[in-house]
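Take a look at the letters that make up each chain.
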Amino acid sequence: MTSKETFHGRLLIGATGSAAVATLPMYIGALRAVFQGTITVLMTHTASVFLPAHTVGLFADRVVTGEPADTWPETNHATLAAGHDMTVVLPATAHTLHVTASGGAPNMLATTILAATHPVAFFPVMTGDMWNKPAVQRNVTQLRSDGYHVVDPVWGPRYDVTLGRFVDSPQPPAPPLFLDVVRELMPQSALSPAR
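## So, the overall build of the protein chain
- Across its full length, the protein chain carries nine helices and eight strands.
- Here the protein chain has a C-alpha radius of gyration of 16 Å; the compact-globule value for 195 residues is 16 Å, and the two agree.
- Once the C-alpha set of the protein chain is aligned to its principal axes, its extents read approximately 50 × 40 × 35 Å.
- Residues counted as buried form 49% of the 195 residues belonging to the protein chain.
- Long-range pairs, those at least 24 residues apart, make up 73% of the contacts in the protein chain with a sequence separation of at least 6.

Listed below in structure tokens is the structure:
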């Protein structure tokens, strides 16, 4: 299958509380060019502070935030895990990597990942100092050992608002790399349009 060929499936994107979540519409737009399945975005509370859920809703088929609570009987960790063929977490914060590596479930995204029996891929985004910490690297090693896919970030210049200058740090992947990972990990049974 070439990178231009369309593919199908039910994709769940977990969006976490990093400023990099502002680029999520760009990734969903790139997906729309070749992905003919459904895209659900599950946002943590902090992610929705950085990027409003109604904005994400302009690009995704469905956005889930866990609010209001009366949606929980229909939309919960079990239904989200069962209703998708693959989960990607973009951006994946150090906190999310830690919580998942330790088997924690403090929010709907972490609980859904814990309940998932399908492939889950993480696209970490954090500062270079954070990424290089032994604790973060231990969590990455644990996640990979547990069968999760952690895509090493690409390093490049990023404007650091607190420092007021560009710094070399881990970046979200370019959309073509993101698409390649989704295509590669999407279960073969999901690639057919007949569902």
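That covers the picture; the talk isn't over yet.
## Remarks on a nonpolar patch on the surface
- Taken together, the side chains of Tyr159, Val161 and Phe166 make up a nonpolar region of the molecular surface, amounting to roughly 380 Å² of accessible area.
- By secondary structure assignment, the location of Tyr159 is in strand S7 (residues 154-160).
- A relative accessible area of 43% places Tyr159 in the partly exposed class.

## Observations concerning the packing of aromatic side chains
- Counted according to the given criterion, the structure contains five aromatic pairs.
- Ring centres 5.4 Å apart and planes at 70° place the aromatic pair Tyr159 and Phe166 in the edge-to-face group.
- Here Phe166 falls in the exposed class, since its relative accessible area comes to 58%.
- By the ring-pair criterion, three or more aromatic residues cluster together here, those being Tyr27, Phe123 and Phe178.

## Notes on the sheet that holds strand S1 (residues 10-15)
- In space, the six strands of this open sheet follow the order S3-S2-S1-S4-S5-S6, with parallel pairing throughout. Looking at strand neighbours, the two that pair on one side only are strand S3 (62-64) and strand S6 (149-150), the edges of this open sheet.
- Here S1 pairs with strand S2 (residues 38-43) via six bridges, running parallel. Residue pairing across strands places Leu12 opposite Thr40, the latter belonging to S2.
- Its contacts with the sheet place helix H9 (residues 175-185) against S1, strand S4 (86-92), strand S5 (120-124) and S6, and it is angled at close to 155° to S4.

The rules behind each value
- Residues numbered from 1 in each chain as written.
- Predicted model: local features only at pLDDT ≥ 70, side-chain atom pairs only at ≥ 80, totals over all residues.
- Heavy atoms only, no water.
- Helix = DSSP H or I, 4+ residues; strand = E, 2+ residues; numbered from the N terminus.
- Rg over C-alpha atoms; globule rule 2.2 N^0.38 Å.
- Buried < 20%, exposed > 50% of the residue type's maximum accessible area, 1.4 Å probe, protein only.
- Contact = heavy atoms within 4.5 Å.
- Patch = residues over 30% accessible without salt bridge, like charges linked within 9 Å, V, L, I, M, F, W, Y side chains within 5 Å.
- Areas by Shrake-Rupley, 256 points an atom, 1.4 Å probe, with all protein chains shown as cover.
- Salt bridge = Lys/Arg side-chain N within 4 Å of Asp/Glu carboxyl O.
- Phe/Tyr/Trp six-rings, centres within 6.5 Å; stacked < 30°, edge-to-face > 60°.
- Pairing = 2+ DSSP bridges.
- Axes fitted to C-alpha atoms, helices over the stretch in contact; angles between N-to-C directions.

Honestly, it's all geometry; don't read function into it.
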